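# Structural overview
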Amino acid sequence: MTISRTTEEYQRFLNDTSWYTHTNEHNAPELMYLTLGLAGESGEFADAVKKIIRVSGTNDDESFKALLLEKGGEEKLLEELGDVLWYLTKLADFLGTSTEDLMVENTYKLYNRLNDRNQFPEGTLKWPFTNPFLTYDKVKEKLDVCVDEKV
Ligand SMILES: [Mg+2]
C-alpha cells in the first residue's frame, strides 16, 4: 500500500545500519529491545517537556514560548521525537508494515470511528487522502483482505 519512497528508504536505511544484538532476527529479544527503546525515547521526550514546564510553569505563555523557540526546547523535542520515530519505524518493520501504512490504517480506523459517532454532519468528514491509490474504498478493500488473511 505504501506510496512514498521516503519512508521505504528510511526504513531500509534503519535496517541496514542497525547494530543492536538480535538486529532483524524478528524474535522475542528483538521485540523486547525495540519496545523498551520506544518507551525509553518516549520517556526522554516527556522528560524534555517536563524540563520546559518546570521552568515556565503551565500557564506562562511568554516563558514557555521563549524556552521552546529561543532556548533550544523545540530542537530538543524534535531530536527526541526523531528517536521515537526510529523505534516506531523499526517496530513497524518488525510487524511487517511501514510507518506510512500505519498512518493509512490509523486514519481508516479514526475515520470510521468518527463517522460512527455522528459528530460530523453527514458528508462533512472527508476522507483525507487524495492519492487515487488511497481512496477510502481501496483502503477498505485492502484492509479487509488483510483481516481475512489473518483469520
Ligand atoms: Mg533520545
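Residues numbered from 1 in each chain as written. Predicted model: local features only at pLDDT ≥ 70, side-chain atom pairs only at ≥ 80, totals over all residues.

Bringing the overall build of the protein into the picture now. Across its full length, the protein carries six helices and zero strands. Shown N-terminal to C-terminal, the secondary structure of the protein runs as helices and strands in the order α-α-α-α-α-α. Rg of the C-alpha trace for the protein: 19 Å, well past the compact-globule value of 15 Å for 151 residues, more than 25% over. In terms of its C-alpha atoms, the protein occupies a principal-axis envelope of roughly 50 × 50 × 25 Å. Looking at the protein as a whole, 8% of its 151 residues qualify as buried. Expressed as a percentage of contacts within the protein between residues at least 6 apart in sequence, the contacts between residues at least 24 apart total 64%. (Helix = DSSP H or I, 4+ residues; strand = E, 2+ residues; numbered from the N terminus. Rg over C-alpha atoms; globule rule 2.2 N^0.38 Å. Buried ≥ 20, exposed ≤ 12 C-beta atoms within 10 Å, placed from the backbone. Contact = placed C-beta atoms within 7 Å.)

For the rest of this paragraph, the subject is the domain arrangement of the protein. Here the protein is described as being made up of domain 1 (13–96) and domain 2 (97–151). Placing the centre of domain 1 and that of domain 2 at their C-alpha centroids yields a distance of 27 Å. The interface of domain 1 with domain 2 comprises five residues on the first partner and four residues on the second. (Domains from an automatic or database assignment.)

On to the environment of V55, then. Mapped onto the fold, V55 is located in helix 2 (residues 28–56). By the C-beta count within 10 Å, which is 13 here, V55 ends up partly exposed.

Another aspect to go through is the packing of helix 2 against helix 4 (residues 73–94). For the pair helix 2 and helix 4, the least separation of the axes is 9 Å and the interaxial angle reads 165°. When the interaxial angle is binned, helix 2 and helix 4 end up roughly antiparallel. Relative to helix 4, the crossing made by helix 2 is left-handed. Contacts between helix 2 and helix 4 pair E30, L31, L34, G37, L38, E41, S42, E44, F45, A48, V49 and I52 from the former with G73, K76, L77, E80, L81, D83, V84, Y87, L88, K90, L91 and F94 from the latter. Tallied by class, the residues present in the contact of helix 2 with helix 4 amount to 14 nonpolar, three polar and seven charged. (Axes fitted to C-alpha atoms, helices over the stretch in contact; angles between N-to-C directions. Parallel < 35°, antiparallel > 145°, perpendicular 65-115°, else oblique. Left-handed = near helix turned anticlockwise from the far one by under 90°. Nonpolar A, V, L, I, M, F, W, Y, C, P; charged D, E, K, R; others polar.)

Note that E100 resides in helix 5 (residues 99–116). Sequence-wise, E100 and T89 are 11 residues apart; in three dimensions their C-alpha atoms are separated by 9.4 Å.

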